[in-house]
Amino acid sequence: IYLASNKLEDAAGAAKKAVTMIKDFNPQYQVKLASYLNNLGVIYLKQRKNLKEAANCLEEALNIRKKVYGDEVKHPEIANSLENVGIIYQHLGKY
């Protein structure tokens, strides 16, 4: 809701809270954690601040998804993470 209404500060706060909460659960929630980290990274990217933190979130999401789905598997969640990591690297000037 916050992201859709462009309330990025509120969206970031909610996403951070979700990441913190889900990290306390057992490993079966790793897919959810990756999703929350991906969302937080995208929010940071949209804010155009905390780009290094955005990169950290997006890279962690990618690593979790590779662990869950397999490093060589062609999965849409891995593709989504790769796309987002590529976008943040572009913003950071890492070509």
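In short, a report on the structure. Owing to the predicted nature of the structure, the values given are computational and were not obtained by experimental measurement.

**Things to note about the overall build of the protein**
Each helix and strand in the protein was counted, giving 4 helices and 0 strands. Listing each helix as α and each strand as β along the protein from the N terminus yields α-α-α-α. In terms of its C-alpha atoms, the protein occupies a principal-axis envelope of roughly 35 × 35 × 20 Å. Per-residue burial for the protein yields a buried fraction of 33% across its 95 residues. Sequence separation of at least 24 residues holds for 53% of the intrachain contacts in the protein that already meet a minimum separation of 6. When the accessible surface of the protein is totalled, it reaches about 6,200 Å², and 52% of it is carbon and sulfur. Each charge class in the protein can be summarised by its mean position, and for the 14 positive and 10 negative side chains these summaries are 4 Å apart.

**Some points on the pattern of salt bridges**
This model, assessed by the stated rule, comprises 2 salt bridges. Across the pair Glu-77 and Arg-65 runs a salt bridge, and its minimum N-O distance is 2.9 Å. With Glu-77 in helix α4 (residues 76-92) and Arg-65 in helix α3 (residues 51-69), this residue pair connects regions lying 12 residues apart in the sequence. Overall, Glu-77 belongs to the partly exposed group, its relative accessible area being 31%.

**Points about the side chain of Ser-81**
The topology assignment puts Ser-81 in helix α4. Assessed through its relative accessible area of 1%, Ser-81 is described here as buried. Among the polar contacts listed, one links the side chain of Ser-81 to the side chain of Arg-65, at a separation of 2.7 Å.

**With respect to a nonpolar patch on the surface**
Where nonpolar side chains cluster on the molecular surface, the patch consists of Met-21, Phe-25 and Tyr-29 and spans about 300 Å² of accessible area. Position of Met-21 among the secondary structure elements: in helix α1 (residues 8-23).

**Section: the side chain of Asn-84**
For Asn-84, the position within the fold is in helix α4. Asn-84 sits in the buried class, given a relative accessible area of 10%. When residues no more than four places from it in sequence are discounted, the contact partners of Asn-84 are Asn-38, Val-42 and Leu-58.

**Remarks on the nonpolar core**
Ranked by size, the top nonpolar core spans 24 residues in total, and within it Leu-33, Leu-37, Leu-40, Tyr-44 and Ile-88 carry the most contacts. When near neighbours in sequence (up to four residues on either side) are disregarded, Ile-88 contacts Leu-45, Leu-51, Ala-54, Ala-55 and Leu-58.

**Focus: α3**
Residues lying three or four places apart along an α-helix face the same way, a consequence of the helix completing one turn every 3.6 residues. Helix length check: α3 (19 residues) gives 26 Å between terminal C-alpha atoms against 27 Å at 1.5 Å per residue, within 8%. When α3 is considered as a whole, its buried residues turn out to be Leu-51, Ala-54, Ala-55, Cys-57, Leu-58, Ala-61, Leu-62, Ile-64 and Arg-65. In this fold, the buried residues of α3 make contact with α2 (30-47) and α4. Positive backbone phi, approximately 100 degrees, marks Gly-70, located one or two places after α3.

Conventions used here
Residues numbered from 1 in each chain as written. Predicted model: local features only at pLDDT ≥ 70, side-chain atom pairs only at ≥ 80, totals over all residues. Heavy atoms only, no water. Helix = DSSP H or I, 4+ residues; strand = E, 2+ residues; numbered from the N terminus. Buried < 20%, exposed > 50% of the residue type's maximum accessible area, 1.4 Å probe, protein only. Contact = heavy atoms within 4.5 Å. Areas by Shrake-Rupley, 256 points an atom, 1.4 Å probe, with all protein chains shown as cover. Lys, Arg positive; Asp, Glu negative; His and termini not counted. Charge placed at Lys NZ, Arg CZ, Asp CG, Glu CD. Salt bridge = Lys/Arg side-chain N within 4 Å of Asp/Glu carboxyl O. Polar contact = N/O pair within 3.5 Å; in protein donor to acceptor, adjacent residues only side chain to side chain. Patch = residues over 30% accessible without salt bridge, like charges linked within 9 Å, V, L, I, M, F, W, Y side chains within 5 Å. Core = buried A, V, L, I, M, F, W, Y, C linked by side-chain atoms within 4.5 Å. Expected span 1.5 Å × (residues − 1).

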